[in-house]
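Understanding the architecture of this molecule
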Amino acid sequence: MPEKDAPGTVSRVLSKMEEGLAGLKAGREPVRVVTHYDADGLCAAGILSRALLRANRPFHTTIVHQIDAPLIETLSRQSYPWTVFCDLGSGALDLVEGLRSRAVIIDHHRPLRESRQALQLNCHLWGIDGTFDACASTLALMAAVSLDEANWDLAGIACAGAIGDRQHWPAWRGLNAEIMASAERMGHLRTRRGLVIDGPNLLSALSENNEPFFRGVSGNPEGARALIEAAGLSPQATVKELDESELGALASLLVLNLLRGGTSEEYARGVMVDRTWVSGFDTDANELAAVVNACGRLGLEDTGLAVCLGGREAMEEARSARRRYRAEITKGMLGLEARGITRKKHLQYFYAESAQMAGAFAALVMNYLFPGERPTVALAREGQSMKVSARGTRPLVARGLDLAKACREAATGSGGDGGGHTIASGATVPLGSEMAFLDALDAAVGKQLAGGAG
Ligand code: C5P
């Protein structure tokens with residue numbers, strides 16, 4: 001049964017999950033779980049795996065980058081009676097329908113069409129926005145709670161997954177907001193305002209941090225030291241020991257740094273954030289999201305999943321992965337700062353070295369390095385293909401930007417494929433066709449922003 005006092009949307013989604021998963025819940029057959037490798041997908045995998053473990057249900061979880069024909073062949077050979085796809089599948093219905101087992105898709109990507117063979121537990125089908133209001137992890141939490149109400153204690157992992165998809169910013173909305181409020185009432189989460197940076201002391205917290213990316217400070221210990229001293233603070237002080245006026249002095253200088261670099265006021269205010277402590281983990285959801293994201297991006301998906309399963313050693317490994325990941329991102333950002341970016345009529349683009357990190361770069365470049373109301377596209381070679389990551393802003397989406405649609409159309413015309421969300425999407429196109437793809441994307445974005453059909 002849905003939680004007794006569950007607010008409207010939570011209650012409605014729990015009923016849908018309960019109805020859809022009744023057959024799976026009633027049986028004892030093994031379950032195959034297949035999720036996406038980003039922070040949201042990994043957290044969703046953690047939630048589903050823990051729920052199945054608690055129910056003493058045999059399961060096998062796999063983290064993938066995409067659904068393709070070889071994956072479906074492998075899954076068909078293994079003949080699990082149930083396959084649960086999470087955070088992917090909606091855009092690959094033709095492939096999923098080829099599976100010889102009962103397929104469930106728990107997803108927040110827009111479904112391409114209805115399906116008779118696959119059961120789509122997709123928030124869009126229930127009138128809930130999947131870009132800002134619900135993600136794979138919060139839907140996975142609802143699925144887990146529909147199996148057993150005790151699984152509400154996994155809400156912190158869902159919170160981390162949603163932070164990974166940047167749905168917490170600037171504030172929780174819709175289904176997510178209701179879930180966080182419920183979980184806080186139940187004592188599974190505790191939120192307080194805090195500085196966005198974290199680390200053993202101010203100097204390392206500031207110089208190693210790159211989100212937000214502070215020009216002249218991120219990746220620059222001397223610049224970081226100068227800013228901390230200008231705030232009248234010791235570089236060796238810790239973030240925790242700052243009193244309110246010290247915190248205010250430091251936050252003001254950081255906001256000023258961002259505004260001077262052209263970052264929007266909304267993003268500059270992100271120097272102070274809600275930090276959500278998670279019961280059962282020795283950290284907050286913000287750090288949990290960051291370490292799990294780093295694991296996914298560095299090819300350490302198993303460590304990321306182990307963190308979500310509560311592994312203490314895995315957490316230490318993941319923290320060290322995050323340090324390496326941050327250093328890589330900072331190096332890339334400093335290189336781009338020196339090289340600059342190429343502008344087309346409606347978008348801007350650059351080349352990234354790593355396909356896995358392209359999305360992270362695109363967002364950081366758009367918000368902090370070369371900010372402005374222009375969608376930002378990162379291109380990175382991946383074998384014989386070019387991987388594309390495109391990112392937009394909320395004001396652009398409000399003006400009509402739909403990057404998922406624009407990427408899908410431009411990629412299809414270039415012999416590739418694409419999709420995602422209005423604000424964050426991607427594509428894969430054959431090597432050599434990227435300029436044609438960019439021209440088509442630029443035209444599609446221009447049309448969308450001018451109020452055309454896009
Ligand atoms: O890889 P990246 O983080 O940039 O992907 C952003 C979004 O675009 C994700 O939701 C991903 O599933 C989607 N995407 C897609 N098709 C591709 C590449 C990415 O639908 N070929």
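Residues numbered from 1 in each chain as written. Predicted model: local features only at pLDDT ≥ 70, side-chain atom pairs only at ≥ 80, totals over all residues. Heavy atoms only, no water.

Some points on the pattern of salt bridges
When the charged atoms of two side chains with opposite charge come close together, those side chains can pair. The condition is simple: Whenever Lys or Arg places a side-chain nitrogen within 4 Å of a carboxyl oxygen from Asp or Glu, that contact is recorded as a salt bridge. In this description a helix means any DSSP run of H or I spanning at least four residues, a strand means any run of E spanning at least two, and both kinds are numbered starting from the N terminus. Under the scheme applied here, a residue whose accessible area is under 20% of the maximum for its type counts as buried, over 50% as exposed, and between as partly exposed, the area being computed with a 1.4 Å probe on protein chains only.
Applying the stated criterion across every chain yields a total of 19 salt bridges. With a closest N to O distance of 3.9 Å, Glu 222 and Arg 225 form a salt bridge. Of this pair, Glu 222 and Arg 225 both sit in helix α9 (residues 221-230), 3 residues apart, which is roughly one turn of that helix. You can call Glu 222 exposed: its relative accessible area is 54%. With its nearest N and O atoms 2.7 Å apart, the salt bridge here joins Arg 319 to Glu 287. On the criterion of sequence distance, the pair formed by Arg 319 in helix α14 (residues 312-339) and Glu 287 in helix α12 (residues 285-297) is long-range, its members being 32 residues apart. The pair Arg 319 / Glu 287 is uniform in exposure class, with both members buried. One continuous salt-bridge network, built from bridges that share partners, spans Asp 198, Arg 275, Asp 284 and Arg 322.

Considerations on the site of the ligand
Inclusion rule: Residues are labelled near a given molecule or strand when at least one of their non-hydrogen atoms is within 4 Å of it. Whenever two N or O atoms come within 3.5 Å, that pair is a polar contact, provided that in protein one can donate a hydrogen and the other can accept it, and provided that, for residues adjacent in sequence, both atoms are side-chain atoms. Computed with a 1.4 Å probe, the accessible areas rest on the Shrake-Rupley method; for each residue, only the protein chains presented here act as cover.
Taken together, 14 residues lie near the ligand, and His 109, Lys 387, Ser 389, Arg 391 and Gly 419 sit nearest. A distance of 3.2 Å separates an oxygen atom of the ligand from a polar backbone atom of Gly 419. Taking Gly 420, its main chain carries an N or O atom lying 3.3 Å from an oxygen atom of the ligand. A total of 460 Å² of accessible area belongs to the ligand in isolation, and the protein chains cover 78% of it. Contributions of two or more residues to the shell around the ligand are made by β11 (385-391), β12 (417-420) and β13 (424-430). Counting residues per element, the shell around the ligand draws most heavily on β13, at 5 residues.

Points about the layout of surface pockets
Threshold: Definitions used throughout: a 1 Å grid over protein atoms alone; a cavity as a set of points that fits a 1.4 Å probe which cannot get out; a pocket as an open set with protein on both sides within 12 Å along at least five of seven lines; a lining residue as one with an atom within 4 Å of a point. Grid points are joined across faces, edges and corners, and a volume is the space filled by probe spheres set on the points. By the convention adopted, Pro, Cys, Tyr, Trp, Phe, Met, Ile, Leu, Val and Ala count as nonpolar, Lys, Arg, Asp and Glu as charged, and the other residues, Gly among them, as polar.
Counted as a void, the second largest pocket has a volume near 700 Å³. Here the residues of the lining of the second largest pocket sort into 7 nonpolar, 5 polar and 13 charged.

A look at the packing of aromatic side chains
Quick reminder of the rule: Stacked, tilted and edge-to-face are the three classes assigned to paired rings of Phe, Tyr and Trp, where Trp is represented by its six-membered ring and a pair needs centres within 6.5 Å; plane angles under 30 degrees give stacked, over 60 edge-to-face, the rest tilted. A ring is considered to have a charge above it if a Lys NZ or an Arg CZ atom is located within 6 Å of its centre and within 35 degrees of its normal.
For the coordinates displayed, the defined rule picks out 3 aromatic pairs. Seen in terms of ring centroids, Tyr 267 and Tyr 368 are 6.2 Å apart; in terms of plane orientation they differ by 80 degrees. Their pairing is edge-to-face. Placement of the pair is Tyr 267 in helix α11 (residues 265-268) and Tyr 368 in helix α15 (residues 358-369), with a sequence separation of 101 residues. Note on accessibility: Tyr 267 and Tyr 368 belong to one class, buried. These aromatic residues form a ring-pair network of at least three members: Trp 169, Tyr 267 and Tyr 368. Lying across the ring of Trp 82, Arg 102 places its NZ or CZ 4.2 Å from the centre.

Digging into unusual backbone geometry
Note that the residue after Trp 169, namely Pro 170, is joined by a cis bond; omega there is -5 degrees. Looking at the element boundaries, Pro 170 is found in the loop between α6 (155-164) and α7 (174-185). Cis geometry marks the peptide bond from Glu 211 to Pro 212; its omega dihedral reads 10 degrees. Position of Pro 212 among the secondary structure elements: in the loop between α8 (202-208) and α9. Positive phi, normally seen in glycine, also occurs at Arg 166, with a value near 60 degrees. By the element assignment, Arg 166 lies in the loop between α6 and α7. We classify Arg 166 as partly exposed; its relative accessible area is 31%.

Comments concerning the domain arrangement of the chain
Threshold: The split of the chain into domains comes from an automatic or database domain assignment. Every residue pair with non-hydrogen atoms within 4.5 Å of one another is taken to be in contact. Values labelled buried area give the accessible surface lost by two parts on being combined, using a 1.4 Å probe and summing over both.
We note that the domain assignment places domain 1 (2-183), domain 2 (194-334) and domain 3 (340-449) within the chain. Computed over C-alpha atoms only, the centres of domain 1 and domain 3 are separated by 27 Å. Listed per partner, the contact involves 12 residues of domain 1 and 7 residues of domain 3. Contact between domain 1 and domain 3 buries roughly 840 Å² in total, counting both sides, with carbon and sulfur atoms accounting for 54%. One can count 2 residue pairs in polar contact (both at pLDDT 80 or more) joining domain 1 with domain 3. Partitioned by chemical class, the residues of the side of domain 1 that touches domain 3 number 5 nonpolar, 5 polar and 2 charged.

Considering the nonpolar core
Convention followed: In this description, a nonpolar core means a group of buried Ala, Val, Leu, Ile, Met, Phe, Trp, Tyr and Cys residues linked to one another through side-chain atoms lying within 4.5 Å.
Core analysis: the biggest nonpolar cluster contains 64 residues, and Met 17, Ile 106, Leu 141 and Met 142 have the highest contact counts within it. Looking at this core, you find at least three residues from each of domain 1 (2-183) and domain 2 (194-334). Judged by nonpolar contacts, the second largest core, of 47 residues, contains Ala 224, Tyr 267, Phe 350 and Tyr 368.

Quick look at the packing of α6 against α12
Put simply, the test is: Geometry is summarised by axes, namely lines fitted to C-alpha atoms with helices restricted to the contacting stretch, and by angles between N-to-C directions that run from 0 to 180 degrees. Handedness of each helix crossing follows the sense of rotation of the near helix against the far helix: counterclockwise by less than a right angle gives left-handed, clockwise gives right-handed.
Look at α6 against α12: their axes get within 8 Å of each other, and the N-to-C directions meet at 60 degrees. Handedness of the α6/α12 crossing: right-handed. Here Gly 156, Ile 157, Cys 159, Ala 160, Ile 163 and Gly 164 of α6 lie close against α12, whose contacting residues are Ala 285, Asn 286, Leu 288 and Ala 289. Considering only residue class, the contact of α6 with α12 consists of 7 nonpolar, 3 polar and no charged.

Observations concerning the environment of Gly 420
Residue position: Gly 420 is located in strand β12. Along the sequence, Gly 420 and Thr 393 sit 27 residues apart, while their C-alpha atoms lie 15 Å from each other. Among all residues touching Gly 420, those that are not within four sequence positions of it are His 109, Ala 404 and Ser 425.

Considerations on helix α5 (residues 136-147)
Cut-off, in case you're wondering: A helix is expected to span 1.5 Å multiplied by its residue count minus one.
In this model, α5 (12 residues) spans 16 Å end to end at C-alpha, consistent with the 16 Å of a helix rising 1.5 Å per residue. The buried fraction of α5 amounts to 11 of the 12 residues, a majority that puts the element mostly inside the structure. When α5 is considered as a whole, its buried residues turn out to be Ala 136, Ser 137, Thr 138, Leu 139, Ala 140, Leu 141, Met 142, Ala 143, Ala 144, Val 145 and Ser 146. Buried residues along α5 sit in contact with α1 (8-26), α2 (39-54), β3 (82-86), β4 (102-107), α6 and α7.

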